[in-house]
Amino acid sequence: MNPPESQKHLLSKSTFIRGLQCPKSLWLYKHHYKLRDKISLRQESIFVQGTNIGLLARQLFDGGIDASPPDNFNYLQSVNDTYKYINEEQEVIYEAAFQYNQVLAAIDLLVKSANKWYAFEVKSTTSVKKEHLIDAALQYYIITNSGIELSDFFIIHLNRKYKRNGDLNIHSLFTEKSVLSEILNLQTFIKETIRQLLNSSISELMPSIGIGSQCYQPYPCDFIGTCWKQVPENSIFDLGGRGAFSIATELYKKGIKNFENLPEGLELDADQYKQIESYLSNKPIIEKEEISTFLNSATYPLHFLHIEEFSTAIPEFDDTCPYQHLPFQYSILVLQETGEIQTFNFISELGKDPRIQFYSSLKLNIHKIGSIVVYDANIMQVFKLLIAHIPEFANQLNEFTNRVVDVSIPIKNKSYNNASLKGVYEKSKVIASFAPQYKYENCKKNFGLDAGQIFINIPNQEDDKLKDQIKTKLIEYCNNEAEGIFIIWNGLKDLIIN
Ligand code: SF4
């Protein structure tokens, strides 16, 4: 067998997916590559995680030969190597690459068994998603049209039910699903889409496509910085609540860019009308009675608690599943009725299962009475997972759960709303609306990553001093978050007094 094409590809799997999401994105990528938004550290770390999972899955078919290209500019070599390995009767090829009709597609694992070929694509998710089927259908189209008959096509993904117990069991960690029948039904669609995308990508004219849900779905587009430049700072996209994004997109298409120009008779819910009214009158919404009832439901001492979790695709510790969230850090600010304040914090040791340490420390620093005030109650889920791991602490954790008061509730139900919140209840915006001078250190904004991602990356640092510095920064950040909850609480209190 010889490779059918010798010129460089015009489309790859990733540019095909890009074009399918938005032909304008593909066109910009081909004609104005440098306009792309900078890739975030978060996206980079997701990408690295995906690559690592792909490498781990190779252990399902040991002893294969790798056809990966030496770099991103030498895919033709990868295609030539793949054909060479097929001719040499290799039975397991990693990253086998094929090119047909100027479209390139590589497959994670190509396996020959009993003289039949099988394709396996690895995903770092815990289920098969709709967009995976499109990827697979394109790969199937390219591989089979390149002369390889595939007897089946599987998507390998992480098994969410796998619970680690001792050494990692690769065969239980991964699970595979045949998607052959689904992708066979997509072959005509793939053929037609390739034709359209090849035409539009080489055209001199940029496709005329306005901003919309495709900018974020299924993947955030990296030309948002270019296409969304025209959207004013205070715009119709600040509308919050159900269906807000599609309402805003439709209005924007009609040239309505902000709340001042809204048409009569628009179908919005009561909260959305409240938000618009507050914006147009430049007056915050303050429903004193509701806020007062909410604040009075809490009892002293008040524990303003912020926690942080991390999760890894590959379970690191016994009794954990893929992507299981593990709490590793907290800060509490305890306010007595007398006004006395104390702050406590905890951060887990590196490389150790944090759950028991976390619980033991928390138990020490939460008083026997008093509310546990949080912002957005994911703490309930944390307590539930801790109970599943350490059932003997269930009584205490259930008791903590009953004492939780979520201070985001009055913001979510619009008992308090301010134009600067832009229809959402983002903690940093709420803090800024109450205390504009407060220097709130948002972890993601400052470091580009969530605290959990920073924490799990600490062991990769070689310098011990740097490791300690990062841990100190994380503690400061977490203290800041707990203080932020305290500021919101006080801000709400001030609203009912004034
Ligand atoms: S930002 Fe939106 S409109 Fe612009 S290229 Fe991306 S998906 Fe298309």
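Residues numbered from 1 in each chain as written. Predicted model: local features only at pLDDT ≥ 70, side-chain atom pairs only at ≥ 80, totals over all residues.

Engineer: Explain the packing of helix H1 (residues 13-21) against helix H5 (residues 130-145) to me, and be specific about the residues and the numbers.
Structural biologist: Taken N-terminus to C-terminus, the directions of H1 and H5 make an angle of 130°; their axes are 10 Å apart at the nearest point. If you check the angle between H1 and H5, you find them oblique. H1 and H5 meet at a crossing whose hand is right-handed. Within the contact between the two elements, H1 uses Lys 13, Phe 16, Ile 17 and Leu 20 and H5 uses Ile 134, Asp 135, Leu 138 and Gln 139. (Axes fitted to C-alpha atoms, helices over the stretch in contact; angles between N-to-C directions. Helix = DSSP H or I, 4+ residues; strand = E, 2+ residues; numbered from the N terminus. Parallel < 35°, antiparallel > 145°, perpendicular 65-115°, else oblique. Left-handed = near helix turned anticlockwise from the far one by under 90°. Contact = placed C-beta atoms within 7 Å.)

Engineer: Pulling in residues and values, what's your account of the site of the ligand?
Structural biologist: By nearness alone, every residue bordering the ligand is listed as Cys 22, Lys 24, Ser 25, Leu 28, Ile 209, Ile 211, Gln 214, Cys 215, Cys 221, Phe 223, Ile 224 and Cys 227. Among the secondary structure elements, those contributing two or more residues to the shell around the ligand are helix H2 (23-31) and helix H9 (224-227). Looking at the shell around the ligand element by element, the count peaks at three residues for H2. Partitioned by chemical class, the residues of the shell around the ligand number nine nonpolar, two polar and one charged. (Near = placed C-beta within 6 Å. Nonpolar A, V, L, I, M, F, W, Y, C, P; charged D, E, K, R; others polar.)

Engineer: I'd like to hear about the nonpolar core, residue by residue, with values.
Structural biologist: Soluble globular proteins tend to bury their nonpolar side chains together. Of all hydrophobic cores here, the largest spans 52 residues; its most connected members are Val 103, Ala 105, Ile 107, Ala 137, Leu 138 and Ile 142. No other element matches the eight residues that H5 contributes to this core. Counting 44 residues, the second-largest nonpolar core is a separate cluster that includes Leu 302, Val 373, Ile 431 and Trp 489. (Core = buried A, V, L, I, M, F, W, Y, C linked by C-beta atoms within 7 Å. Buried ≥ 20, exposed ≤ 12 C-beta atoms within 10 Å, placed from the backbone.)

Engineer: How would you summarise the sheet that holds strand E11 (residues 341-347) if you had to cite specific residues and measurements?
Structural biologist: Sheet architecture is open: five strands sit in the order E11-E10-E9-E12-E13, paired in mixed fashion. What marks the edges here is a single partner per strand, and that holds for E11 and strand E13 (404-406). The mean inter-strand angle of the sheet, taken between neighbouring strand axes irrespective of direction, is 25°. Of the strand pairs in this sheet, strand E9 (residues 302-310) and strand E10 (residues 326-335) are connected by nine bridges, and their pairing is antiparallel. Pairing of Glu 308 across the sheet is with Gln 329, part of E10. Against the sheet, helix H14 (residues 379-389) touches E9, E10, strand E12 (372-374) and E13, its axis set at about 65° to E9. (Pairing = 2+ DSSP bridges.)

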